[in-house]
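Structural characterization, general
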Amino acid sequence: MKVLVAVKRVVDYNVKIRVKADQTGVDLANVKMSMNPFDEIAIEEALRLREAGTATEVIALSVGPQAAQETIRTALAMGADRGILIKTDQEVEPLGVAKLMKAVISEEAPDLVIVGKQAIDDDSNQTGQMLAALLGWAQGTFASAVNLEGGTAKVTREIDGGLQTLDLKMPIVVTTDLRLNEPRYASLPNIMKAKKKPIDEKTPEELGVDIAPRLTTLKVVAPEKRQAGVMVESVAELVDKLKNEAGVI
Ligand code: AMP
């Protein structure tokens, strides 16, 4: 069974984001980029399936500029078998990514596709759902456990106030939640080995996919700065401030 995993190159989660002065987006100059954290979880889950003998091959796919190859290399260093880079310098919206993935899936025929529940840069939470719809496949979103048995999958989902377990007929799309697993670090020998693993390069044109944007960003603004806190002398003063200044009680 082949597993295809999508890995997006995003601004590292430790970076303090700066909004560009013209409010058109986020400043990416000299900013550390890393694999989207939910995609690390997706790779980890695929590797565990291969180690358990359920999966035979793990393919890491990324859509982005040449530099997205580094993200694929990270996936290969974690243990993925090979990579596919769909190269474009254009910003690709979730629908475009889903269409590109569908085109690759028609060539590769995986039984399981794992993507993150959301990319921490655009916070769209759309790609997995759109991909499942385009393919006509079942989907298990926000997965906190995945168990494959024969041609079906039991996917446990984190929902408001509890857990829901679905029985899905393969092939399926799974999107990962934070508690699915704890991703491994790539060891130095595996980083060296990853340099020799193959990465296939394709373009949206070769795949016959139109990635023209459908959305226009009107503006991006930084959150308002928080005001400094004040020390209060007593509980009575606190209650008074909450009531008469903050108006929250
Ligand atoms: P989003 O719908 O943008 O929040 O992204 C959800 C998931 O889709 C991510 O965690 C990735 O697994 C996948 N994804 C989105 N954009 C890309 C991309 N450019 N390259 C690879 N995977 C992507």
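Since the model is a prediction, treat every value here as computed from it, not as a measurement.

Calculation criteria
- Sequence order as written defines residue numbering, which begins from 1 separately in each chain.
- Per-residue local features of the predicted model are confined to residues with pLDDT of at least 70, and side-chain atom pairs are confined, for both listing and counting, to 80 or more; whole-chain, interface and lining totals are unaffected and use all residues.
- Only hydrogens and water are removed before side-chain values are computed, so all heavy atoms of the structure are retained for them.
- The way it works is that DSSP assigns letters per residue, a run of H or I at least four long becomes a helix, a run of E at least two long becomes a strand, and they are numbered from the N terminus.
- Strands are treated as partners if at least two bridges between them are detected by DSSP.
- Angles here are taken between N-to-C directions and fall from 0 to 180 degrees, while the axes themselves are lines fitted to C-alpha atoms, restricted in helices to the stretch in contact.
- Working rule for contacts: check all heavy atoms of both residues, and any pair within 4.5 Å makes them a contact.
- Between 30 and 60 degrees the pair is tilted, below 30 it is stacked and above 60 it is edge-to-face, where a pair is any two Phe, Tyr or Trp rings, Trp via its six-membered ring, whose centres lie within 6.5 Å.
- For a lysine, the NZ atom is tested; for an arginine, the CZ atom; a charge sits over a ring if that atom is within 6 Å of the ring centre and within 35 degrees of the ring normal.
- It suffices for a single heavy atom of a residue to lie within 4 Å of a molecule or strand for the residue to be listed as near it.
- Residues adjacent in sequence count toward polar contacts only when both atoms are side-chain atoms; beyond that, a polar contact is any pair of N or O atoms within 3.5 Å, and within protein one must be able to donate a hydrogen and the other to accept it.
- The protein chains shown are the only cover counted for residues, whose accessible areas, like all others here, come from Shrake-Rupley with a 1.4 Å probe.
- Three classes are used, and their members are as follows: Ala, Val, Leu, Ile, Met, Phe, Trp, Tyr, Cys and Pro are nonpolar, Asp, Glu, Lys and Arg are charged, and the others, Gly among them, are polar.

Looking now at unusual backbone geometry. Looking along the chain, the bond that leaves M170 and enters P171 is cis, with omega of 0°. By secondary structure assignment, the location of P171 is in the loop between β9 (162-169) and β10 (172-176).

Spatial ordering of the open sheet is given by β9-β8-β7-β10-β6-β1-β4-β5-β11, a layout of nine strands whose pairing is mixed. Edge strands, defined here as strands with exactly one partner in the open sheet, are β9 and β11 (199-202). Within the sheet, the average angular offset between the axes of one strand and its neighbour, ignoring direction, is 30°. Where strand β7 (residues 138-149) meets strand β8 (residues 152-159), six bridges bridge the pair, whose relative direction is antiparallel. Within β8, the residue paired with L148 across the bridge is A153. Strand contacts of helix α1 (residues 37-51): β1 (2-6), β4 (57-64), β6 (112-116), β7 and β10, with the helix running at about 150° to β6, the strand carrying the most contacts.

Moving on, we get to the packing of aromatic side chains. Overall, the coordinates contain zero aromatic pairs when judged by the stated rule. Over the face of the ring belonging to F142 we find K117, whose NZ or CZ atom lies 5.6 Å from the ring centre.

The full set close to the ligand counts 19 residues, and D39, A119, N125, Q126 and T127 are the nearest of them. Within the backbone of V63, one N or O atom sits 2.9 Å away from a nitrogen atom of the ligand. Between the ligand and N125, the relevant distance is 2.8 Å, taken from an oxygen atom to a main-chain nitrogen or oxygen of the residue. Summarising the interface, the protein chains cover 98% of the accessible area of the ligand, which totals 480 Å² for the free molecule. Here the element with the most residues in the shell around the ligand is β4; it accounts for three residues. Broken down by class, the residue content of the shell around the ligand amounts to eight nonpolar, eight polar and three charged.

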